[in-house]
Amino acid sequence: MLTRNALIYLSRQEGLKDFAARFRLFKRLTVRFVAGETIDEAVNYIRELNAEGCSASFDHLNESVANPTEAEGEVKEYREILRRIDETGINSNISIKLTQFGLELDPELAYRNARAVVEDAARRGNFVRVDMEASNVTQKTIDIFKRLRAEFELNDVGIVLQSYLRRTYADAQELIKLPARIRICKGAYNEPPEVAFPNKKDVDENYVRVMQLLLSSGTYHGIATHDPRMIEATIAFAQKQGIGKEAFEFQMLYGVRRDLQRQLSKDGYNMRVYVPYGKHWYPYFMRRLAERPANIWFVLKNMLKG
Ligand SMILES: Cc1cc2nc3c(=O)[nH]c(=O)nc-3n(C[C@H](O)[C@H](O)[C@H](O)COP(=O)(O)OP(=O)(O)OC[C@H]3O[C@@H](n4cnc5c(N)ncnc54)[C@H](O)[C@@H]3O)c2cc1C
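Owing to the predicted nature of the structure, the values given are computational and were not obtained by experimental measurement.

A.B. asks: Would you mind going over the overall build of the protein chain in detail, with residue names and values included?
C.D. replies: Within the protein chain, the secondary structure is distributed over 13 helices and eight strands. Here the C-alpha atoms of the protein chain give a radius of gyration of 18 Å, agreeing with the 19 Å that 2.2 N^0.38 yields for 306 residues. Dimensions along the principal axes, computed over C-alpha positions, put the protein chain at roughly 50 × 45 × 40 Å. Across the 306 residues of the protein chain, 53% fall into the buried class. Of the roughly 13700 Å² that the protein chain leaves accessible, carbon and sulfur atoms contribute 53%. Counting 46 positive and 41 negative side-chain charges, the protein chain places the centres of these two groups 4 Å from one another.

Structure representation (structure tokens):
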């Protein structure tokens with residue numbers, strides 16, 4: 001727990017984010033969780049995934065941008081991603097973070113930037129997933145998502161909820177009424193016990209409750225986890241309720257449990273892999289280490305090998 005908290009604390013150090021982006025040696029570290037620095041590298045990886053029957057969600061790594069110009073650069077990057085998805089014909093949607101579009105500077109700016117991207121995606125018949133970040137922006141993220149959802153269709157834009165938050169079951173109940181497409185995940189940030197369950201057992205129990213609510217809602221949702229127990233619970237619940245494999249998708253992260261990704265796809269489940277790329281890999285990478293501190297050894301070994 002101490003290691004996890006320390007790693008998440010380090011992930012939030014802005015100075016380290018910029019330092020890491022410039023420090024070339026670190027690139028060798030990141031291959032475990034990041035598809036590369038460029039759109040082309042991510043496209044090549046997504047082609048491989050598609051050949052194995054998996055779809056993808058493109059993520060340009062950056063969060064907590066420092067000024068409106070940087071946020072505007074993110075909009076441009078995502079429009080380019082959408083263009084490249086169309087051009088190459090790969091099977092991928094996109095995932096965005098609102099702090100990447102300026103949420104911490106001005107929520108209206110983030111809304112306008114996200115709207116521009118959702119509009120472009122909708123025009124192209126693609127889909128935008130709004131990732132969920134730390135709990136200080138949960139309500140703002142849901143508010144902006146609701147505005148977007150009021151203006152666009154169900155299959156244009158969706159959101160993420162985190163089962164470690166105490167509020168999530170109620171949020172899920174409210175959002176499925178819109179209706180809205182939801183990705184349920186456990187949650188990757190450091191949260192105080194007032195807002196999040198401190199014990200893994202409660203996080204997992206809440207995950208299962210929310211998963212059951214989502215699957216019963218009749219809308220197409222994303223079940224994002226690498227936890228075999230969550231996956232088994234989902235499969236068992238769907239079978240018991242007569243919910244078809246086409247009615248939902250499993251989602252996993254690039255570089256995590258590729259064996260399980262392949263297996264679920266082979267078993268006929270929809271499998272989407274989140275594919276991050278870009279220079280600002282540092283906070284994302286540190287959260288992945290925090291989820292499984294054993295990864296630190298894997299990463300160090302890789303570095304020494306190189
Ligand atoms: C597609 C997708 C999108 C996500 N989007 C968000 C988001 O918007 N907001 C957010 O807060 N979080 C997001 N997450 C992260 C999520 O909240 C969890 O932190 C992460 O998925 C680990 O939880 P788990 O369900 O895999 O279960 P855990 O109980 O953490 O892990 C179960 C098992 O999975 C394997 N595993 C898990 N993580 C790793 C890892 N990093 N490296 C190697 N093995 C691992 C291990 O075998 C572990 O025992 C997302 C996750 C996925 C898969």
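So, next bit.
A.B. asks: Got a sec to walk through the packing of aromatic side chains? Specific residues and values, please.
C.D. replies: Overall, the coordinates contain 10 aromatic pairs when judged by the stated rule. With 6.2 Å between their ring centres and 45 degrees between their planes, F248 and Y269 make a pair best called tilted. Taken as a pair, F248 in strand β7 (residues 248–253) and Y269 in the loop between α11 (258–266) and β8 (270–277) lie far apart in primary sequence, 21 residues in all. Like F248, the residue Y269 is buried in the burial classification. Each member of the aromatic cluster is reached from another via a ring pair, and the members are F33, W281, Y282 and F285. In this arrangement the basic side chain of R209 is found over the ring face of Y169, its NZ or CZ atom lying 4.0 Å from the centre.

A.B. asks: Which residues make up the layout of surface pockets, and what values do they have?
C.D. replies: With a probe scaled to a water molecule rolled over the atoms, the places where space remains empty come into view. Counted as a void, the largest pocket has a volume near 1300 Å³. Surrounding the largest pocket, 50 residues form its lining, K186, G187, A188, R288 and E291 being those nearest its centre. Of all the secondary-structure elements, those providing two or more residues to the lining of the largest pocket are α1 (2–11), β4 (157–162), β5 (181–185), α9 (200–216), β7, β8 and α12 (282–291). Per-element accounting of the lining of the largest pocket gives the leading share, five residues, to α12. The residue makeup of the lining of the largest pocket, split by class, is 24 nonpolar, 10 polar and 16 charged.

A.B. asks: Residue-level account of the sheet that holds strand β3 (residues 128–130), with values.
C.D. replies: What the eight strands build is a closed barrel, ordered β1-β2-β3-β4-β5-β6-β7-β8; its pairing is parallel. The sheet shows a mean angle of 30 degrees between the axes of neighbouring strands, direction not considered. Sheet topology places strand β6 (residues 221–224) next to β7; four bridges connect them, and they run parallel. Bridge pairing in β7 links I223 to F250. Docked against the sheet, helix α7 (residues 138–151) engages β3 and β4, running at close to 155 degrees with respect to β4.

A.B. asks: How would you explain the site of the ligand if you had to name every residue and give the values?
C.D. replies: Of all residues adjacent to the ligand, which total 26 residues, the nearest are K186, G187, K200, T225 and E291. Between the ligand and K200, the relevant distance is 2.6 Å, taken from an oxygen atom to a side-chain nitrogen or oxygen of the residue. Between the ligand and R288, the relevant distance is 3.1 Å, taken from a nitrogen atom to a main-chain nitrogen or oxygen of the residue. Isolated, the ligand exposes 920 Å² of accessible area, and the fraction of that covered by the protein chains is 87%. Most atoms of the ligand, that is more than half of them, are within 2 Å of grid points of the largest pocket. Secondary structure elements with two or more residues in the shell around the ligand: β4, β5, β7 and α12. Residue composition of the shell around the ligand, grouped by class: 11 nonpolar, six polar and nine charged.

A.B. asks: Give a description of unusual backbone geometry that names residues and reports values.
C.D. replies: In this model, L178 is joined to P179 through a cis peptide bond whose omega is -10 degrees. As for its placement among the helices and strands, P179 is situated in the loop between α8 (168–176) and β5. You will see that R257, though not glycine, has its phi angle at about 50 degrees, which is positive. Tracing the sequence through the fold places R257 in the loop between β7 and α11.

A.B. asks: How would you explain the environment of R149 if you had to name every residue and give the values?
C.D. replies: Assignment of secondary structure puts R149 in helix α7. Sequence-wise, R149 and R79 are 70 residues apart; in three dimensions their C-alpha atoms are separated by 19 Å. The residues contacting R149, other than those within four sequence positions of it, are L154, V157, L178, P179 and A180.

A.B. asks: Before we move on, can you summarise the side chain of R84 with the specific residues and values?
C.D. replies: As for its position among the elements, R84 is in helix α5 (residues 68–88). Among all residues touching R84, those that are not within four sequence positions of it are I39, D40 and V43.

Each value, and the rule that gives it
Residues numbered from 1 in each chain as written. Predicted model: local features only at pLDDT ≥ 70, side-chain atom pairs only at ≥ 80, totals over all residues. Heavy atoms only, no water. Helix = DSSP H or I, 4+ residues; strand = E, 2+ residues; numbered from the N terminus. Rg over C-alpha atoms; globule rule 2.2 N^0.38 Å. Buried < 20%, exposed > 50% of the residue type's maximum accessible area, 1.4 Å probe, protein only. Areas by Shrake-Rupley, 256 points an atom, 1.4 Å probe, with all protein chains shown as cover. Lys, Arg positive; Asp, Glu negative; His and termini not counted. Charge placed at Lys NZ, Arg CZ, Asp CG, Glu CD. Phe/Tyr/Trp six-rings, centres within 6.5 Å; stacked < 30°, edge-to-face > 60°. Lys NZ or Arg CZ within 6 Å of the ring centre and 35° of its normal. 1 Å grid on protein atoms, 1.4 Å probe; cavity = no way out; pocket = protein on both sides within 12 Å on 5 of 7 lines; lining within 4 Å. Points joined across faces, edges and corners; volume = space filled by probe spheres on them. Nonpolar A, V, L, I, M, F, W, Y, C, P; charged D, E, K, R; others polar. Pairing = 2+ DSSP bridges. Axes fitted to C-alpha atoms, helices over the stretch in contact; angles between N-to-C directions. Contact = heavy atoms within 4.5 Å. Near = heavy atom within 4 Å. Polar contact = N/O pair within 3.5 Å; in protein donor to acceptor, adjacent residues only side chain to side chain. Sits in = over half its atoms within 2 Å of the grid points.

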